[in-house]
Amino acid sequence: MKRANTFELIPQSDEDEELLRRLLDASAALWNEINYERRENYADPDGDVWDISEYRGRYGGTLGASTVQQIERKNREAWKSFFSLKKKGEANSKPGFWGNSEDGRELRTYIRNTSYSVEWGEYSRLEILVGKDLKDEYGLGYRERLRLEVRGDPNWKEYEKQGRLELFYDEQAQSFRAFQPVTISEDHSRLASPLASEEAALDIGANNLVACTTTTGKQYLYEGRDLFKRFRQTTREIARVQSLLEDGRYSSHRIRRLYDRRTKRRDHARDALARDLIERLYDEGVSTVYVGALTDVLDAHWSVETNAKTHNFWAFRAFVNRLACTAEEYGMSVEVRSEAWTSQECPNCGSTADTIRHQDTLTCSCGFEGHADLKASETFLRRHQNSESSDWRTRHSVSRQWQTTVTRSMARPVCLKWDDHNWSESPRSVPNEEHTNPQVASVGR
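Residues numbered from 1 in each chain as written. Predicted model: local features only at pLDDT ≥ 70, side-chain atom pairs only at ≥ 80, totals over all residues. Heavy atoms only, no water.

Trainee: Can you lay out the environment of Glu 77 for me, pointing to particular residues and giving the numbers?
Mentor: Mapped onto the elements of the fold, Glu 77 is located in helix H3 (residues 65–88). Judged by its relative accessible area of 34%, Glu 77 falls in the partly exposed class. Sequence separation of Glu 77 and Pro 95 is 18 residues, and the distance between their C-alpha atoms is 9.9 Å. (Helix = DSSP H or I, 4+ residues; strand = E, 2+ residues; numbered from the N terminus. Buried < 20%, exposed > 50% of the residue type's maximum accessible area, 1.4 Å probe, protein only.)

This is the structure in structure tokens:
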């Protein structure tokens, strides 16, 4: 079973930090040289992309021969991926560069699995191989490695095999980080097993990234407006910089950096959301998570902004994959199901024709008023709890009986906002949670 550890790295001195930065910068310079040579060979009708120079002589003293090999191998993988996508006819571009010496390189490297070691404990540490020239310059012994403090509590401390280590400097968090792929046995592939057999349903969006309802009566709302606003601001800045390019040019180092920053911000928040939500659901005893398929939403409510939010910003498929991988660690399953019309369906009378949605509010002519996304997740959950019925629409005629399938009354929703590092509970209450019709207010309570 494949898993991964991610953790923060802390240099133990200013000299160690300088050494680490030089190692990462030299790795980026090597990547750029290899990539430039391959691009030139690609443009040459008689050139061979795979035929490149020998770089160990120039970079081995700084990086070590094994790290030179790993960076060349990583670049080769990137080009193989490029050719594979090109063969399929999918839009793609040639592998890019890791910055430049004038504007700054992306600090990143790859360490072979036999060239590093991690020691877990009260004071965890990572030791990595560096080249002989750097060792001599910074006073490291012949067999000594650069030692860095590990901050964080990785999920997988016991594993059968460790993979190639990725080290990089995270500009957003202003810290050095590591990504360690590991192979673990089937017996150790889970952090835990479900505490009960409860269920949860997720309504996916962009104004609110996730609205979740569980059969225990808990509801969670992850707000996304600020994240999407920053995403759009960066997108506009990319368009502005592109408009200043000379004719015939389509990209620049600054544009690539903006794209990279936009993607990393989104992915960091998305991955943290998956982890935060699954851990909360595990504590609730949830074993099955239903996720609404966004194709239903796009078919019914397509617009330029909806498409931008659900595809470019939200990256739905990547989120579901991350959610499923995280859930698997806790023995939970994730199932993508149809959620057609749940955001327009009145949870009181079952009507979709007499409801009006305005931003976060759903109202119905029967007197219902509530938070649209939270109520959609409730409806979605009830629908799949009753999946033994072949036609869910026939249940609308017995809406009171249908309403009781979520066996516990709803607790006050937990609202969460992103602060660039964590999803934190917000003191702001969810608006429009009171019903205008007192008869509706009594349902499910």
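Trainee: Tell me what's going on with the pairing of strand S14 (residues 286–292), and back it up with residues and numbers.
Mentor: Counting buried residues in S14 gives 7 out of 7 residues, a clear majority hidden from the surface. Pairing geometry for S14 and strand S15 (residues 333–337), over 5 bridges, is parallel. Each bridged residue has a counterpart across the sheet, and for Tyr 290 the counterpart in S15 is Glu 335. (Pairing = 2+ DSSP bridges.)

Trainee: Talk me through the nonpolar core; I want residue IDs and the actual numbers.
Mentor: Ranked by internal contacts, the top residues of the largest apolar core, which has 39 residues, are Leu 9, Leu 126, Ile 128, Leu 165 and Leu 167. Broken down by element, this core gets its largest block of residues, 10 residues, from helix H1 (residues 14–43). Not counting the four nearest positions on each side in its chain, Leu 165 is found in contact with Phe 7, Thr 109, Tyr 110, Ile 111, Tyr 116, Leu 126, Ile 128, Ala 178, Phe 179 and Gln 180. (Core = buried A, V, L, I, M, F, W, Y, C linked by side-chain atoms within 4.5 Å. Contact = heavy atoms within 4.5 Å.)

Trainee: I'd love a proper account of the sheet that holds strand S11 (residues 198–204), names of residues and values included.
Mentor: The strand order across the open sheet formed by 7 strands is S15-S14-S11-S12-S13-S19-S20, and the pairing between neighbours is mixed. Of all the strands in the sheet, just S15 and strand S20 (423–425) have a single pairing partner and so form its edges. Averaged over neighbouring strand pairs, the angle between their axes works out to 25° when direction is ignored. With 3 bridges connecting them, strand S13 (residues 219–223) and strand S19 (residues 414–418) associate as parallel partners. Pairing of Tyr 222 across the sheet is with Leu 416, part of S19. (Axes fitted to C-alpha atoms, helices over the stretch in contact; angles between N-to-C directions.)

Trainee: Go over the packing of helix H2 (residues 56–63) against H3, please, and point to the residues and values.
Mentor: Each pair of packed helices can be described by the angle between their axes along with the distance between the axes. Axis separation between H2 and H3 bottoms out at 7 Å; the angle between their running directions is 120°. Relative to H3, the crossing made by H2 is right-handed. Across from Arg 56, Tyr 59, Gly 60 and Leu 63 in H2, the residues of H3 making contact are Ala 65, Thr 67, Val 68 and Ile 71. When its residues are assigned to classes, the contact of H2 with H3 shows 5 nonpolar, 2 polar and 1 charged. (Left-handed = near helix turned anticlockwise from the far one by under 90°. Nonpolar A, V, L, I, M, F, W, Y, C, P; charged D, E, K, R; others polar.)

Trainee: Which residues make up the side chain of Thr 234, and what are the values?
Mentor: As for its placement among the helices and strands, Thr 234 is situated in helix H5 (residues 225–243). We classify Thr 234 as buried; its relative accessible area is 8%. Once residues lying within four places of it in the same chain are set aside, the contact partners of Thr 234 are Leu 258, Arg 262 and Arg 265.

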